[in-house]
2 protein chains.
Amino acid sequence: MHRTKVRVTEDALDANTTIAQANRTDFDRNDVRVVNLMSAPGAGKTTLLEAALPGLGPKVGVLEGDVQGSFDADRLASLHIPVTQLNTDNGFGGDCHLDANMVRTALPALPLDEIDLLVVENVGNLVCPAEFRIGEDAKAMVCSVTEGEDKPLKYPLMFRTCELVVVNKIDLLEHLDFDLDKFLHNVDTVNPDVEHMLVSAKTGEGVEAFRSWLAAVGEREGSATTASAGA
Amino acid sequence: MHRTKVRVTEDALDANTTIAQANRTDFDRNDVRVVNLMSAPGAGKTTLLEAALPGLGPKVGVLEGDVQGSFDADRLASLHIPVTQLNTDNGFGGDCHLDANMVRTALPALPLDEIDLLVVENVGNLVCPAEFRIGEDAKAMVCSVTEGEDKPLKYPLMFRTCELVVVNKIDLLEHLDFDLDKFLHNVDTVNPDVEHMLVSAKTGEGVEAFRSWLAAVGEREGSATTASAGA
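Report on the accompanying structure. Given the structure is predicted, the values throughout are model-derived calculations rather than measurements.

### What about the interface of chain B and chain A?
Step number 1: With 35 residues of chain B at the interface, the matching set in chain A holds 35 residues.
Step number 2: Between chain B and chain A, the buried area comes to about 2,900 Å², and carbon and sulfur atoms account for 61% of it.
Step number 3: Applying the counting criterion to the chain B and chain A interface returns 6 salt bridges.
Step number 4: Between Lys202(B) and Asp177(A) there is a salt bridge whose closest N-O contact spans 3.8 Å.
Step number 5: Scanning the region where chain B abuts chain A turns up 10 residue pairs in polar contact (both at pLDDT 80 or more).
Step number 6: Put simply, the parts of the chain that give the side of chain B that touches chain A at least two residues each are helix 4 (71–77), helix 6 (151–154) and helix 7 (156–161) of chain B.
Step number 7: Per-element tally for the side of chain B that touches chain A: the top contributor is helix 6 of chain B, with 3 residues.
Step number 8: Across the side of chain B that touches chain A, the residue classes tally to 16 nonpolar, 8 polar and 11 charged.

Written as structure tokens, this is what we have:
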């Protein structure tokens, strides 16, 4: 008798990973690259997108994750790009992150045939968003210099899981006791290979670098087949 | 046959509430009042405590909640007050909040017979910490003016569940586009009765008001018997 052994790995048991891969396959089928953008509340994700998305080469859409309300989506809609709101407030106080299944429920509302790049603005939180793949090609985070030098050491998974750390609000550096070298050293401690860029979404300084990074992600090859390798 | 009907209410089914009440009973037995101090990452909870705890009337201890590490506890220990570290990193990426059971596991390490007031510095997060009672007498939050005016509307449960909102980093107001009146209006929208105070933990402005508030909580009557009413 021929017997086939199916090995159930821990990864396969993780429903979130399974759904994230399904999302990624759907994104790939539509030739859409996806950036998962994360930060603490008030680090400036939306202001950064307001500054960086106009003039971006690839056609971009935004999936806006919030516990409730559509404040950020309303701001971004004025850029005349497709913006889809995804609220997590079905629970008692609302989920503190997006997961793959939430993003999947939003797929029918996304104009995937009209865009090349989807930026998912996650719920403001430095812990749980880093734990859930959503089917993205790249994870990036925004960290404000007002948050202190210790954040990479206190929230290491977030800094470790991202391939880009945008250091925002550098226009405020002269008014803070923030030691940038110490912060970057702490980033390096938890994620030695991570790219970083210094930005002020308010003044525009450094925004072009972030715009170029987004454009480059938009031009990457689809990679659903490699998603199971841990992306 | 005599039958007794036990009505299982939703509240009774909530294990966290049950354990929070047990915590509160233990705190009351030791005549210790408890403040649950919450904020987004980097809003300045630790700096505020460094400024406010010296000179406080009631004898104070701190329970320091972090995903991992003891950076804040190390800072506060230099104040020569009892500081207990509670880490949440048993999970994959670490829990993003303290709950009643985590606090309960820390009880044996707390010098309850030596203190009048316990300040619990929660994990930096504006969502989940607001959902879990830990047995506290009062919930307070710190919100930095760098986080933007919209935070009460985006994280209403946090602002609604607290009896005090400390508006921190007001020394930076002159360098920001932050509309304080708009922010306070938004606070008022989600929690009309909440007390607020304007503070700069860095310059010391307004810190005395927070110190007085802490001292007043330390002098409250124990209230374990009212905990089931929703405290």
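### Notes on the relation of the copies chain B and chain A
Step number 1: You can overlay chain B on chain A at an RMSD of 0.0 Å; the transform is a turn of 180° with a shift of 0.0 Å along its axis. On this basis, the relationship between the two copies can be described by a two-fold rotation axis. Nearest to the rotation axis, the C-alpha of Asn125(B) is located 3.0 Å from it, this being the minimum over chain B.
Step number 2: An overlap of 100% is found between the interface residues of chain B and their copies at the interface of chain A, pointing to a shared contact surface.

### Details of the packing of helix 3 (residues 45–52) of chain B against helix 9 (residues 207–218) of chain B
Residue and element names in this part refer to chain B.
Step number 1: Following both chains from N to C, one finds helix 3 and helix 9 inclined at 80°, their axes separated by 9 Å at the closest point. Taken together, helix 3 and helix 9 sit at an angle that is classed as roughly perpendicular. Each of Leu48, Leu49, Ala51 and Ala52 in helix 3 lies in contact with helix 9, whose residues at this interface are Val207, Phe210 and Arg211.

### Examining unusual backbone geometry
Step number 1: We note that Asp31(A) has phi near 55°; this positive angle belongs to a residue other than glycine.
Step number 2: Within the fold, Asp31(A) resides in the loop between helix 2 (15–29) and strand 1 (33–39).

### Focus on the sheet that holds strand 2 (residues 60–66) of chain B
Pairing between the strands of a sheet is mediated by backbone hydrogen bonds and can be parallel or antiparallel.
Residues and elements named next belong to chain B.
Step number 1: In space, the 7 strands of this open sheet follow the order 3-2-4-1-5-6-7, with parallel pairing throughout. One side of each edge strand has no neighbouring strand; the edge strands of this open sheet are strand 3 (83–87) and strand 7 (195–198). Across the sheet, the mean angle from the axis of one strand to that of its neighbour is 20°, orientation sign disregarded.
Step number 2: Taken together, the 4 bridges between strand 6 (residues 164–168) and strand 7 define a ladder with parallel strand orientation.

### Digging into helix 8 (residues 180–190) of chain A
All names here are of chain A.
Step number 1: Those residues of helix 8 that fall on the buried side of the exposure criterion are Leu180, Phe183, Asn186, Val187 and Val190. Looking down the long axis of helix 8, one finds its buried residues gathered within 125° of arc, a one-sided arrangement. Away from its buried face by more than 90 degrees, helix 8 exposes Asp181 and His185.
Step number 2: On its buried face, helix 8 sits against strand 5 (138–144), helix 6 (151–154), helix 7 (156–161), strand 6 (164–168) and strand 7 (195–198).
Step number 3: Where helix 8 begins, the capping side chain belongs to Asp179, and its oxygen is found 3.2 Å from the backbone nitrogen of Asp181.

Calculation criteria
- Residues numbered from 1 in each chain as written.
- Chains lettered and ligands numbered in written order.
- Predicted model: local features only at pLDDT ≥ 70, side-chain atom pairs only at ≥ 80, totals over all residues.
- Heavy atoms only, no water.
- Contact = heavy atoms within 4.5 Å.
- Buried area = accessible area lost by both parts, 1.4 Å probe.
- Salt bridge = Lys/Arg side-chain N within 4 Å of Asp/Glu carboxyl O.
- Polar contact = N/O pair within 3.5 Å; in protein donor to acceptor, adjacent residues only side chain to side chain.
- Helix = DSSP H or I, 4+ residues; strand = E, 2+ residues; numbered from the N terminus.
- Nonpolar A, V, L, I, M, F, W, Y, C, P; charged D, E, K, R; others polar.
- Least-squares fit on C-alpha atoms with pLDDT ≥ 70 in both.
- Axes fitted to C-alpha atoms, helices over the stretch in contact; angles between N-to-C directions.
- Parallel < 35°, antiparallel > 145°, perpendicular 65-115°, else oblique.
- Pairing = 2+ DSSP bridges.
- Buried < 20%, exposed > 50% of the residue type's maximum accessible area, 1.4 Å probe, protein only.
- Arc of directions from axis to C-beta.

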